[in-house]
Amino acid sequence: MLHSFRALALGAGLLTAGLHAQPFDDATLNHSDRLRDHALQSDIAWQVVESLTTEVGPRLAGTEGDARAVAWAKARFEAMGFDAVRLEPVTVPHWERGYADAQVTLPFPQPLVISALGNSVPTPEGGIEARIVRFDTLADLEAADPAQVKGKLAFIDHKMERFKDGRGYGPVVKARGRGAVAAAQKGAVGLLLRSVSTSSHRFAHTGVMRYVDGVAKIPAAAISPPDADQLTRMLARQDDIQVKLELASMDKGQTTSYNVIGEIRGRSQPEEIVVIGAHLDSWDEGTGALDDGAGVGIVTAAAQHILDLEQRPARTVRVVLYAAEEIGLIGAKAYRDHHQADLDNHYIAAEADFGAGPIYRLDSRVNEAARPAIEAMVAQMAPLGVTLGHNHSWGGPDVSVLPPLGVPVAGLNMDGTDYFDYHHTPDDTLDKIDPEAIRQSAAVYTLFAWLMANADSTLRPIPPTTN
Ligand SMILES: [Zn+2]
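Not measured: the values here are computed from a predicted model.

*Asks:* Could you give an account of the packing of aromatic side chains, with specific residues and numbers?
*Replies:* Here the structure, examined in full by the defined rule, presents seven aromatic pairs. With 6.0 Å between their ring centres and 75° between their planes, Tyr-322 and Tyr-335 make a pair best called edge-to-face. Pair noted here: Tyr-322 is in strand 12 (residues 315-322) and Tyr-335 is in helix 10 (residues 330-338), with a separation of 13 residues, a long-range link. Residue Tyr-322 is classed as buried on the basis of its relative accessible area, which comes to 0%. Ring centres of Tyr-419 and Phe-420 lie 5.1 Å apart, and the angle between their planes is 80°; on these two criteria the pair is classed as edge-to-face. Site record: aromatic cluster; members linked through ring pairs are Tyr-169, Phe-354, Tyr-419 and Phe-420. For the cation-ring pair, Arg-167 lies above Phe-163, with the distance from its terminal atom to the ring centre recorded as 3.7 Å. We note Arg-315 situated over the ring of Tyr-347; from NZ or CZ to the ring centre the distance is 3.6 Å.

The structure is reproduced here in structure tokens:
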């Protein structure tokens with residue numbers, strides 16, 4: 001196996017030798033081979049997510065669990081041998097779910113399985129009871145006659161499609177973010193959203209929603225997929241389906257959380273930074289194993305494998321565990337603002353936030369002239385099953401705020417076929433993580449960080465952000 005790895009890497013190097021210097025020297029490639037073998041033997045990524053989900057559990061931004069997660073990460077990083085460990089403060093909203101309940105009251109009384117959407121206001125004490133009005137999509141609600149919606153609970157029943165790359169999410173999640181505003185603009189008293197889910201289990205999937213100034217703030221909840229089907233069957237029998245919704249969510253103001261940073265200082269170009277990130281916060285319903293304990297495990301393991309080498313990489317490798325991703329990329333924006341002065345020194349950034357893997361494709365957003373370096377890197381990952389993708393990557397949620405400021409990014413695409421079965425539910429727990437998949441993902445991130453921190457290639461200027 002080892003020989004074929006090198007043959008692939010050398011082949012990729014030779015192909016580009018006429019145009020460019022080799023993107024990687026022999027010592028870098030030798031270490032890369034060793035790191036790949038070492039990472040594939042290691043269970044550190046799984047151990048990290050096991051520790052986080054067991055000892056901390058749910059860690060919604062601003063809560064006591066979030067504070068314990070920060071302390072857990074700081075202690076873990078300090079024990080690993082990083083050259084520097086820092087906490088960077090982030091001001092975060094503190095919202096708590098509280099009690100949530102819904103039932104059909106007329107004509108077929110029965111309970112519904114729901115979850116308040118993050119940031120939702122509570123209902124008035126005692127709840128609200130109203131007729132429901134159903135829409136296939138957010139666009140249908142936006143196009144509706146207000147007379148049809150006024151005084152009712154708007155019910156958006158948009159089904160999500162399953163894809164390996166998760167592209168079914170974008171078209172459906174818009175209704176979670178903007179549905180309550182659209183409903184309120186038509187005079188609705190509340191929003192019931194079919195869960196953004198690829199599963200048929202009876203869990204409701206939470207997630208953040210927003211209000212805008214000048215539009216009434218109405219309560220918003222997700223209902224489980226079978227409950228959405230149930231309401232639709234009832235509506236096929238008669239128009240007048242009455243639902244009672246009760247939410248006791250609380251806005252607890254603002255508090256301070258932290259981006260947790262661990263650094264491996266570069267030996268020859270320490271001012272240049274390769275960022276590998278994940279988010280430390282999670283939703284409160286599960287234990288945030290896939291979202292995003294797995295990412296925390298993957299990038300922490302990658303750093304540990306590089307720290308275990310006798311030699312530091314040329315550039316600095318910075319692990320960033322972002323605060324408050326779930327409630328609006330708040331840690332990511334704080335990082336961007338705090339590091340404004342040195343964003344020009346960010347060589348490349350990537351984030352693991354799509355479960356445990358395995359990783360099947362690497363996309364980039366780098367100067368076209370630097371694509372040979374990306375190709376040579378992917379050649380090193382080919383034995384792990386990774387193929388070369390496109391050059392318009394967004395980098396992942398927290399990292400997506402960087403390309404508009406010129407920072408190159410990569411997308412290490414994980415197989416997300418099942419990801420939205422568990423996403424933001426009580427069922428996002430450790431048992432859903434495949435130890436073999438997370439080992440492969442950690443190995444790929446290890447190679448990414450190591451090779452990018454040693455590449456002899458200029459990645460800027462990047463192609464413009466168009467997506
Ligand atoms: Zn996430």
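Moving on from the model shown.
*Asks:* Before we move on, can you summarise the environment of Gly-126 with the specific residues and values?
*Replies:* Mapped onto the elements of the fold, Gly-126 is located in the loop between strand 4 (114-116) and strand 5 (128-135). We classify Gly-126 as partly exposed; its relative accessible area is 40%. Taking C-alpha positions, Gly-126 is 47 Å from Gly-411, a pair spaced 285 residues apart along the chain. Setting aside residues no more than four positions away along its own chain, Gly-126 makes contact with Lys-244 and Glu-246.

*Asks:* Let's hear about the domain arrangement of the chain: which residues, and what values?
*Replies:* When the domains of the chain are assigned, the result is domain 1 (2-95 + 254-452) and domain 2 (98-248). Here the C-alpha centre of domain 2 lies 35 Å away from the C-alpha centre of domain 1. Taken together, the contacts link 21 residues of domain 1 with 26 residues of domain 2. Joining domain 1 to domain 2, the criterion identifies two salt bridges.

*Asks:* Please give an account of helix 13 (residues 435-452) that cites residues and values.
*Replies:* Between its first and last C-alpha, helix 13 extends 26 Å over 18 residues, near the 26 Å set by a 1.5 Å rise per residue. In terms of burial, helix 13 is largely enclosed, as 15 of its 18 residues are buried. Regarding helix 13, its N-cap is Asp-434, as a side-chain oxygen of that residue lies 2.9 Å from the backbone nitrogen of Glu-436 further along.

*Asks:* Please provide a residue-by-residue account of the sheet that holds strand 6 (residues 153-156), values included.
*Replies:* Spatially, eight strands are ordered 3-2-9-5-6-7-8-4 in an open sheet, and the strand pairing comes out mixed. Edge strands, defined here as strands with exactly one partner in the open sheet, are strand 3 (110-112) and strand 4. Pairwise comparison of adjacent strand axes, ignoring direction, gives a mean angle of 35° for this sheet. Two strands pair when backbone bridges link them, and strand 5 and strand 6 are joined in this way by four bridges, in the parallel orientation. From the neighbouring strand, Ile-132 faces strand 6, where its bridge partner is Leu-153. On top of the sheet, helix 7 (residues 169-185) reaches strand 6, strand 7 (190-194) and strand 8 (220-223); it is set at about 150° to strand 7, its chief contact. Together, strand 2 (100-106), strand 3, strand 5, strand 6, strand 7, strand 8 and strand 9 (242-247) form the strand contacts of helix 8 (residues 225-237), whose direction differs from that of strand 3 by roughly 135°.

*Asks:* Explain the nonpolar core to me, using residue names and the numbers behind them.
*Replies:* Core analysis: the largest hydrophobic core is formed by 105 residues, its most contacted members being Leu-280, Leu-321, Tyr-445, Phe-448 and Met-452. Discounting residues that sit within four places of it in the chain, Phe-448 has contacts with Val-274, Val-275, Ile-276, Ile-348, Ala-350, Leu-362, Met-377, Met-381, Ala-410 and Leu-412. In terms of nonpolar packing, the next biggest core, distinct from the first, is built from 32 residues, Val-208, Ile-223, Leu-235 and Leu-245 among them.

*Asks:* Go over the coordination of the zinc ion, please, and point to the residues and values.
*Replies:* The protein atoms donating to the zinc ion are His-279 (NE2), Asp-291 (OD), Asp-353 (OD) and Asp-353 (OD), with metal-donor distances spanning 1.9 to 2.6 Å. Note that the zinc ion binds four donor atoms; their angles at the metal cover 53 to 150°, and the shape is irregular. Counting the intervening residues between successive donors of the zinc ion yields the motif H-x11-D-x61-D. With His-279 in strand 11 (residues 269-279) and Asp-291 in helix 9 (residues 289-307), the pair connects residues that are twelve residues apart, well separated along the chain. The burial state of His-279 is the same as that of Asp-291; both residues are buried.

*Asks:* I'd like to hear about the pairing of strand 8, residue by residue, with values.
*Replies:* Regular strands place side chains that alternate from one sheet face to the opposite one. Side chains Ala-220 and Ala-222 project from strand 8 onto one buried face, and the interleaved Ala-221 and Ile-223 project onto a second face that is buried too. Across three bridges, strand 4 lies against strand 8 in antiparallel orientation. Directly across from Ser-115, in strand 8, lies its bridge partner Ala-222. Sheet analysis places strand 7 next to strand 8, joined by four bridges and oriented parallel. Each bridged residue has a counterpart across the sheet, and for Arg-194 the counterpart in strand 8 is Ile-223.

*Asks:* Quick rundown of unusual backbone geometry? Include the residues and the values.
*Replies:* Residue Pro-107 is bonded to the preceding Leu-106 through a cis peptide linkage, with omega at 0°. Topologically, Pro-107 is positioned in the loop between strand 2 and strand 3. Residue Gly-357 is joined to Pro-358 through a cis peptide bond whose omega torsion reads 5°. Mapped onto the fold, Pro-358 is located in the loop between strand 13 (346-351) and strand 14 (359-365). Located in the positive-phi region is Leu-329, a residue other than glycine, with phi close to 55°. By the element assignment, Leu-329 lies in the loop between strand 12 and helix 10.

*Asks:* An account of the confidence of the model for the chain is needed here, citing residue identities and associated values.
*Replies:* When pLDDT drops low, the exact placement of atoms in the prediction is not to be read closely. Confidence in the prediction of the chain, expressed as mean pLDDT, is 95, and 95% of residues score 70 or more. Scored below 50 in pLDDT, residues 1-18 shows 21 contacts in the model against residues more than four places distant or in partner chains.

*Asks:* Tell me what's going on with the pairing of strand 12, and back it up with residues and numbers.
*Replies:* By the criterion of burial, strand 12 is predominantly enclosed, with eight of the eight residues buried. Inspection of the sheet shows strand 10 (residues 250-264) paired to strand 12 by five bridges, in the antiparallel sense. Looking across to strand 12, one finds that Ile-261 is bridged to Val-320. The pairing of strand 11 with strand 12 spans eight bridges and is classified as parallel. Each bridged residue has a counterpart across the sheet, and for Ile-273 the counterpart in strand 12 is Thr-316. Remark: the strand 11/helix 9/strand 12 crossover connection has right-handed handedness.

Cut-offs used in this document
- Residues numbered from 1 in each chain as written.
- Predicted model: local features only at pLDDT ≥ 70, side-chain atom pairs only at ≥ 80, totals over all residues.
- Heavy atoms only, no water.
- Phe/Tyr/Trp six-rings, centres within 6.5 Å; stacked < 30°, edge-to-face > 60°.
- Helix = DSSP H or I, 4+ residues; strand = E, 2+ residues; numbered from the N terminus.
- Buried < 20%, exposed > 50% of the residue type's maximum accessible area, 1.4 Å probe, protein only.
- Lys NZ or Arg CZ within 6 Å of the ring centre and 35° of its normal.
- Contact = heavy atoms within 4.5 Å.
- Domains from an automatic or database assignment.
- Salt bridge = Lys/Arg side-chain N within 4 Å of Asp/Glu carboxyl O.
- Expected span 1.5 Å × (residues − 1).
- Polar contact = N/O pair within 3.5 Å; in protein donor to acceptor, adjacent residues only side chain to side chain.
- Pairing = 2+ DSSP bridges.
- Axes fitted to C-alpha atoms, helices over the stretch in contact; angles between N-to-C directions.
- Core = buried A, V, L, I, M, F, W, Y, C linked by side-chain atoms within 4.5 Å.
- Donors = N, O, S within 2.8 Å, 3.2 Å for Na, K, Ca; no water.
- Tetrahedral: all angles 85-135°; square planar, octahedral: opposite > 155°, others 65-115°.
- pLDDT = per-residue confidence, 0-100.
- Right-handed = clockwise from strand over helix to strand, strands pointing away.

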